[in-house]
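# Fold and geometry: a report
Here are the chains, one letter per residue:
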Amino acid sequence: MMRRALSVLLSILAWPLLVAAQEITFDARVDRNTFEVGSSIRLTITLTNAQGSFSNPDLGGLTVVQGPFESSSFNYVHGRMSSTVSRTYVITATRPGSYTIGPASARVGGGTLQTQPITVKVEKGTGATSDRLLNEGQQRDRDLFVTISLSKSKVHVGEQVVATYTLFSRYPNLELSKYDLPALNGFWAEEIDQGETTWEDQLRTVNGLQYRVAVLKKQLLFPQRAGTLKIEPLRITCVVNRSFFNRGSQVEAMSNATELQVLPLPPNAPAGMQGAVGTFTFSGALDRDQLRADEALELILTVNGSGNLKLIEAPALDLPPDVERYDPKINDRIGISGSGMSGSRSFTYLLIPRHAGELVLGPFELSYFDAEADAYRTVQAGPFTVQVAPGNGGGQAQLSRPSKADVEVLDTDIRFLRTGDLDLRPAGHHLLGSWAWWSGMTAPVLAFVLFAMWRRREDRLAADPAGRRRREADKVARRRFKDAHDALQRDAREPFYTAMNKALHGYFADRYGLGAAELNAAALERALGERPDAAALARQATDLIAACDMARYAPLEVKSRQAMYEEAITLVQRLERP
């Protein structure tokens, strides 16, 4: 027993000398030289019969998926001892091609050993990601990139499209410090509320690399003009690998820019088309169908469906001339989600019939463009029949006058004496044939003629609602600009630009019949006709609307709000001048 233990002890003590007598090798190898994008290979670097440190090789564009893993072994066979130290990498390629793995170096004793370069071929195969945005983002930065994707690549003016801003990260610890959304020029945008930004539960694999994924933001975009609209890149700043003992490092990433092809709405639009795009139904209801003259009833017209609901204006009403109408109250029940904008918009009109009889309201029409069918649609609501009974005044309009207050006579014991000219008439003077008599006789005839002329004018205006809107466009615009002025005085940024946008779009819709989706420089220049300054005014108007849109949805303001307000007022005044 003592002899065997001594033999083992001598063998261990002699091992370094025996190892030194063995051949020292340093080599690198891969488990295969050809593989596909999305799959991986193993690179193993081995130092045999020596102790030393060796460096990592240049992978030549390949990416480490796992590792490096280090291992060591000691063998004693038939009196010969050997040792190995290995380092193993799991590597992959994100695109096809030929790659060369450079030599690794090891310092042994006083010298340096190197491995031979290795060439591998990567084929596209079925594991490659076909998404162009993901491939481009991965080429910009394999560890961190952002993409902007659109739900559609080609839409019509006013048709909704969803923009998604997505973050891909391979860092185990990442904190998003800030990101700057790109300016949206030519779009009406609505934010999609998706709650707190969190990482998705599942990892996504892109060309063999796994990423944590988070959707930073989603926006619902409505293009307002035809052509190619571009969305600039999104820039983000992050802090990675922060811990209790490490402040981390700051990294930046920039997304792709994307373009949207916007087609104009087809020609030959229906007469009542005001820029509604989507899929809608149209319905109406009355709060009652029997009432007395001079009493009020409510007419409710409701648009249901999906599309640009918030840009739909109140339908035009063709009412009898003896029905008084007030501006409608708008009630929105609209939801915005990743599938788009949907819900309902209701317009509640207060109507007052002034005469008794059977009153027929409607039918009322709504025209819109169905993007899925690539065709215009017109839907109707009504007609509605209302029985109007005579009012308290026999069915005629009654004027409400305040009652006279009782007059209390004070100091009745003193009467004032009348002084001055008593205006006595000479004897023999009669009213017949005098100027007062002739005035009394001709006044009713003159009043009837004036009333007939006024009634004919009202009938003509009622038969031309578009003309009434054109004539009253300046008056309506001034009322709308008052909201913008109030917001300017309060220094309220968002209400100011919202009121400005509504005032400008409403003015051009009333004055020239241009809906929000049709408002562009070319259409406005055609609407201005033969004016010598038509091109300059059209360009100034579209630039002003674009500046409002940019300031509303981006932190950039190209000019002061006071200057923008004054420019809008001056523009409307110039357009009203012949």
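Just above, that's the structure.
Residues numbered from 1 in each chain as written. Predicted model: local features only at pLDDT ≥ 70, side-chain atom pairs only at ≥ 80, totals over all residues. Heavy atoms only, no water.

Helix and strand counts for the chain come out as nine helices and 31 strands. A total of 578 residues make up the chain; the buried ones form 37% of that total. Considering only residue pairs separated by 6 or more positions, the chain has 71% of its internal contacts joining residues 24 or more positions apart. When the accessible surface of the chain is summed, it comes to about 33800 Å², and 52% of that surface belongs to carbon and sulfur atoms. (Helix = DSSP H or I, 4+ residues; strand = E, 2+ residues; numbered from the N terminus. Buried < 20%, exposed > 50% of the residue type's maximum accessible area, 1.4 Å probe, protein only. Contact = heavy atoms within 4.5 Å. Areas by Shrake-Rupley, 256 points an atom, 1.4 Å probe, with all protein chains shown as cover.)

Another point: the pattern of salt bridges. Side chains bearing opposite charge may pair, as long as their charged atoms lie close to each other. Counting across every chain of the model gives 14 salt bridges. In this structure, the salt-bridge partner of E190 is K310, at a minimum N-O distance of 3.6 Å. In this pair, E190 is assigned in strand β15 (residues 187–192) and K310 in the loop between β24 (297–307) and β25 (323–325), connecting sequence segments 120 residues apart. Classification of K310 as partly exposed rests on a relative accessible area of 32%. Of the charged contacts, one joins R354 and D294 as a salt bridge, the two residues approaching to 3.2 Å between their closest N and O atoms. Taken together, the residues R354 in the loop between β27 (340–353) and β28 (357–361) and D294 in the loop between β23 (290–292) and β24 connect sequence positions 60 residues apart. Given the relative accessible area of 23%, R354 is considered partly exposed. On the basis of relative accessibility, which here comes to 23%, the residue D294 falls in the partly exposed class. Through salt bridges with shared partners, a single ionic network connects D294, E324 and R354. (Salt bridge = Lys/Arg side-chain N within 4 Å of Asp/Glu carboxyl O.)

Moving on, we come to the nonpolar core. Membership of the largest hydrophobic core comes to 36 residues, with the highest contact counts inside it found for F481, M500 and F508. Residue assignment for this core shows that the elements contributing at least two residues are α5 (473–490), α6 (493–512), α7 (521–528), α8 (534–553) and α9 (561–576). Setting aside residues no more than four positions away along its own chain, F508 makes contact with G513, L514, L519, L524, A541, I545, L571 and L575. In terms of nonpolar packing, the next biggest core, distinct from the first, is built from 33 residues, A293, M341, L361 and Y368 among them. (Core = buried A, V, L, I, M, F, W, Y, C linked by side-chain atoms within 4.5 Å.)

Alternating positions in strand β31 (residues 384–389) separate cleanly, F384, V386 and V388 being buried on one face and T385, Q387 and A389 remaining unburied on the opposite face. As defined by bridge partners, β23 adjoins β31 across three bridges and the pair is classed as parallel. Residue pairing in the sheet places L291 in a bridge with V388 of β31. (Pairing = 2+ DSSP bridges.)

So, on to α7. Of the residues making up α7, those classed as buried are A523, L524 and L528. Buried residues of α7 fall within an arc of 135° about the axis and therefore sit on the same side. (Arc of directions from axis to C-beta.)

A complete count under the given rule lists eight aromatic pairs for this structure. Consider the rings of F145 and F168, whose centres lie 4.8 Å apart with planes at 10°: the pair is stacked. Here F145 is found in strand β11 (residues 144–150), whereas its partner F168 is found in strand β13 (residues 161–169), with 23 residues between them in sequence. On the basis of relative accessible area, F145 is assigned to the buried category, the value being 1%. Ring geometry for F496 versus Y497: centroids 5.0 Å apart, planes at 75°, classification edge-to-face. (Phe/Tyr/Trp six-rings, centres within 6.5 Å; stacked < 30°, edge-to-face > 60°.)

Read from one edge of the open sheet, three strands run β2-β10-β7, paired in mixed fashion. Lying at the two open borders of the sheet, with one neighbouring strand each, are β2 (34–36) and β7 (97–101). The average angle at which neighbouring strand axes cross in this sheet is 30°, direction not considered. Bridging between β2 and strand β10 (residues 118–123) involves three bridges; their strand directions are parallel. By the bridge assignment, F35 is partnered in β10 with V122. (Axes fitted to C-alpha atoms, helices over the stretch in contact; angles between N-to-C directions.)

On the surface, V445, L446, F448, V449, L450 and M453 cluster together to form a nonpolar patch covering roughly 630 Å² of accessible area. Here L446 is to be found in helix α3 (residues 435–462). Exposure remark for L446: the relative accessible area of 52% places this residue in the exposed category. (Patch = residues over 30% accessible without salt bridge, like charges linked within 9 Å, V, L, I, M, F, W, Y side chains within 5 Å.)

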